[in-house]
Amino acid sequence: AELVCLKQNLDSTSAGGRLLTTVMLALAEFERDQTCERNRDTTAARSERGLWNGGVLLGYDLAEKKGTLVPNASDASLVCLVFEIYLQRGSILETAKELNAKGYRTKEFGSRRGKFHEARPFSWSSVHRILTNPSYVGKKVINKTARWKDDEKLPESKRYRLVEAVWPGIVDPDVFAKVQSLMARNATTKKNVAGKVRHTFVFSRGLLHCGTCSRPMDCKSGTSAKGKTYFYYRCRECGLNVPAAEIEKVVVQRIREI
């Protein structure tokens, strides 16, 4: 393809024209890169001071003074409710379902360009963003994308960290910490640990062996006709069953004696 510009003296059909075009494009790219660097440095400096860099956050309203947020009473109570439901349910998806069933929706807002964003039902991603956002405890995130990267391989300015924000928190720090701990345990165990634990088999990983065949015993459970649940250890090889409560009571008593 050949470029011929009627307004400017650009002509890629000749060697001189191609040289001039290349130089002008390089200067334009250089100016654009400098603009990006200035914007990035300004955003980083504002973040270090704990200022808000823009966007809409459920639970807060934008203050007249740029760079800060003002708690919204009704939205703040909804955010606290999200944390409470998750601690009870232990599931992000179940939390979203309960919020939608009670008629709650996300925040509606209008952009600076005049586009209106209507409120929508809560989804897994919207609830997850709320539960993992340190802004609700008065913290400002710096270098969010570097959270799971190795800090030793990154310069100090590129590392993930939290600084004190200029706006007040609306979620209790202890509640926020409990939610993060529960989410971490759920991710590690691949199950919901917030539910009621029926029984903890302390000898389920090869600590208890059958006295007949010396094979490791597995943990089992059964329900009687009256609906009562029994827990026991069972040997797969010879079928020996030992009530879990009895053998665990013996071990605990022996530990106390020691």
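Residues numbered from 1 in each chain as written. Predicted model: local features only at pLDDT ≥ 70, side-chain atom pairs only at ≥ 80, totals over all residues. Heavy atoms only, no water.

Q: Even after reading the chapter, I still don't get the packing of aromatic side chains, so can you show me in this structure?
A: When we look at a pair of aromatic rings, we describe it by the centre distance and by the angle of the planes. Applying the stated criterion across every chain, the model contains four aromatic pairs. Relative to Trp167, the ring of Trp52 has its centre 5.4 Å away and its plane inclined at 85°; by these criteria the two rings are edge-to-face. Note that Trp52 is positioned in the loop between α1 (15-48) and β3 (60-62) and Trp167 in the loop between β8 (161-164) and α5 (173-189), a separation of 115 residues in sequence. On the basis of relative accessibility, which here comes to 3%, the residue Trp167 falls in the buried class. (Phe/Tyr/Trp six-rings, centres within 6.5 Å; stacked < 30°, edge-to-face > 60°. Helix = DSSP H or I, 4+ residues; strand = E, 2+ residues; numbered from the N terminus. Buried < 20%, exposed > 50% of the residue type's maximum accessible area, 1.4 Å probe, protein only.)

Q: Sorry if this is basic, but what is going on with the pattern of salt bridges here?
A: As enumerated under the stated definition, the model contains eleven salt bridges in all. Among the salt bridges present, the one from Glu156 reaches Arg159, with a minimum N-O distance of 3.2 Å. Look at Arg159 and you get partly exposed, because its relative accessible area is 26%. Between Arg254 and Glu257 there is a salt bridge, with the nearest N and O atoms lying 3.3 Å from each other. (Salt bridge = Lys/Arg side-chain N within 4 Å of Asp/Glu carboxyl O.)

Q: It is not clear to me how the packing of helix α2 (residues 73-89) against α5 should be interpreted in this structure. Could you clarify?
A: Helix packing geometry: the angle between the two helix axes and the distance between the axes. Orientation of α2 relative to α5, taken along the N-to-C sense of each, is 40°, at an axis distance of 10 Å. Taken together, α2 and α5 sit at an angle that is classed as oblique. The handedness of the crossing between α2 and α5 comes out as left-handed. Counted together, Phe83, Tyr86 and Leu87 of α2 and Val175, Phe176, Lys178, Val179, Leu182, Met183 and Asn186 of α5 form the full contact between these two elements. Among the residues making up the contact of α2 with α5, the classes are represented as eight nonpolar, one polar and one charged. (Axes fitted to C-alpha atoms, helices over the stretch in contact; angles between N-to-C directions. Parallel < 35°, antiparallel > 145°, perpendicular 65-115°, else oblique. Left-handed = near helix turned anticlockwise from the far one by under 90°. Contact = heavy atoms within 4.5 Å. Nonpolar A, V, L, I, M, F, W, Y, C, P; charged D, E, K, R; others polar.)

Q: Explain the pairing of strand β9 (residues 218-223) here, please?
A: Examined bridge by bridge, β9 and strand β10 (residues 229-234) share six bridges and lie antiparallel to one another. Each residue of the ladder has a partner; that of Cys219, found in β10, is Tyr233. Once β9 ends, the chain turns through five residues before running back antiparallel as β10, passing Gly227 with a positive phi of about 90°. (Pairing = 2+ DSSP bridges.)

Q: Got a minute to help me understand the environment of Val56 in this structure?
A: Along the chain, Val56 turns up in the loop between α1 and β3. By relative accessible area, Val56 is classed as partly exposed at 42%. In this structure, the C-alpha to C-alpha distance between Val56 and Phe109, residues 53 residues apart in sequence, is 7.7 Å. Once you skip the residues sitting within four places of it in the chain, Val56 turns out to touch Lys107 and Phe109.

Q: What is the right way to read the sheet that holds strand β11 (residues 241-243) from this model?
A: Two orientations exist for strands paired in a sheet by backbone hydrogen bonds: parallel and antiparallel. Read from one edge of the open sheet, three strands run β9-β10-β11, paired in antiparallel fashion. Sheet topology places β9 and β11 at the edges, where each strand pairs with a single neighbour. If you compare each strand with its neighbour and ignore which way they point, the axes differ by 40° on average. Where β10 and β11 come together, three bridges link them in antiparallel fashion. Within the sheet, the bridge partner assigned to Arg234 lies in β11 and is Asn241. Set on the sheet, helix α6 (residues 244-257) makes contact with β10 and β11; between it and β11 the angle comes to about 65°.

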